[in-house]
Amino acid sequence: MKSTNLVIALTKGRILKETLPLLAAANIEPVEDITQSRKLLFDTNLDNIKLMVVRGSDVPTYVEFGSADMGVAGKDLILEHGSDGFYEPLDLRIAKCRLMTAEPMVPSSTSDTLKVATKFTNIAKKYFAEQGQQVELIKLNGALELAPSLGLADLIVDIVETGQTLTANRMEPRDLIANVSSRVIVNKASMKIKNVIIRDILRKLNAAVNKS
Ligand code: PRP
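Under an unreviewed UniProt entry, the name given to the protein chain is ATP phosphoribosyltransferase, and the organism recorded is OM182 bacterium MED-G28. Database annotation for the protein chain, UniProt heading Function (unreviewed entry): "Catalyzes the condensation of ATP and 5-phosphoribose 1-diphosphate to form N'-(5'-phosphoribosyl)-ATP (PR-ATP). Has a crucial role in the pathway because the rate of histidine biosynthesis seems to be controlled primarily by regulation of HisG enzymatic activity." Regarding the protein chain, the relevant UniProt record gives this comment under Sequence similarities (unreviewed entry): "Belongs to the ATP phosphoribosyltransferase family. Short subfamily."

Here it is as structure tokens:
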């Protein structure tokens, strides 16, 4: 019988380095050094499993539309994307950080409508609506910590890990929006059609997570 082919989408960067040992513990190993290569699709020690490496924000999209059967993505990007299109069966408990609001140590705003810079506009919109706070959202893709000092925003919504980036830019964390870690997500159709292989991988990953 032909074995089921399966594609797993991984988030490049720091999450990738933390994901690979867990995959190895589940007996899935790329046949070349995936962290050094410019390739995007990799064979593994298992003929029927391939790994693809993409931006974290694209992992939910690939999994939702079934180009990848499974994926590993940060909870921040899953929340921003919306998780109706896939299942989220496992918390890998890696790449832990917090999604927070942050403001300058010396706040300057006097206006009623806060200006909020973030790349997480969907999360921020929902969060401030729940708080009953009217805000103007400004979409940025990076270096958010600069926005307040240049007068672009009063507040930012961003990932805080050590807090060093905030401190270096004379800002401080305020409110916690969500605790973040990397999650395994699974395409809904794949979960049905490839149930045996996916359940086997999830079981092994779960064991690896609980051992680490
Ligand atoms: C993230 C985030 C902050 C920084 C926080 O950026 O946007 O800038 O890390 O980390 P810290 O609390 O340990 O200082 P990242 O380096 O992931 O790059 P990005 O701007 O491309 O998201």
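Moving on from the coordinates now.
A. Expanded view of the layout of surface pockets. Its volume calculated, the largest pocket comes out at about 710 Å³. As for the largest pocket, its lining consists of 25 residues, of which Asp 76, Leu 77, Lys 119, Phe 120 and Ile 159 are closest to the centre. Those elements that place two or more of their residues in the lining of the largest pocket are helix 1 (14-25) and helix 3 (75-81). The greatest single-element share of the lining of the largest pocket, amounting to 4 residues, is contributed by helix 3. Of the residues belonging to the lining of the largest pocket, the class tally is 8 nonpolar, 9 polar and 8 charged. When residues of the lining of the largest pocket are sorted by domain, at least three fall in each of domain 1 (6-95 + 181-211) and domain 2 (97-179). Roughly 300 Å³ of internal volume is contained in the second largest pocket. Lining the second largest pocket are 15 residues, with Lys 12, Ile 34, Thr 35, Ser 37 and Val 53 sitting closest to its centre. At the level of secondary structure, the elements contributing two or more residues to the lining of the second largest pocket comprise helix 1 and strand 3 (49-54). In the lining of the second largest pocket, the residues fall into 6 nonpolar, 4 polar and 5 charged.

B. Focus on the site of the ligand. Around the ligand lies a shell formed by Lys 119, Glu 145, Asp 158, Ile 159, Val 160, Glu 161, Thr 162, Gly 163, Gln 164 and Thr 165. Within the backbone of Glu 161, one N or O atom sits 2.8 Å away from an oxygen atom of the ligand. In this structure, an oxygen atom belonging to the ligand sits 2.4 Å away from a side-chain N or O atom of Thr 165. Burial of the ligand by the surrounding chains reaches 60%, relative to a free accessible area of 500 Å². Elements with a minimum of two residues in the shell around the ligand: strand 9 (155-160) and helix 5 (164-168). Sorting elements by how many residues they give to the shell around the ligand places strand 9 first, with 3 residues. Residues belonging to the shell around the ligand are distributed by class as follows: 2 nonpolar, 4 polar and 4 charged.

What counts and how
- Residues numbered from 1 in each chain as written.
- Predicted model: local features only at pLDDT ≥ 70, side-chain atom pairs only at ≥ 80, totals over all residues.
- Heavy atoms only, no water.
- UniProt positions renumbered as here; feature names shortened; annotations may be inferred.
- 1 Å grid on protein atoms, 1.4 Å probe; cavity = no way out; pocket = protein on both sides within 12 Å on 5 of 7 lines; lining within 4 Å.
- Points joined across faces, edges and corners; volume = space filled by probe spheres on them.
- Helix = DSSP H or I, 4+ residues; strand = E, 2+ residues; numbered from the N terminus.
- Nonpolar A, V, L, I, M, F, W, Y, C, P; charged D, E, K, R; others polar.
- Domains from an automatic or database assignment.
- Near = heavy atom within 4 Å.
- Polar contact = N/O pair within 3.5 Å; in protein donor to acceptor, adjacent residues only side chain to side chain.
- Areas by Shrake-Rupley, 256 points an atom, 1.4 Å probe, with all protein chains shown as cover.

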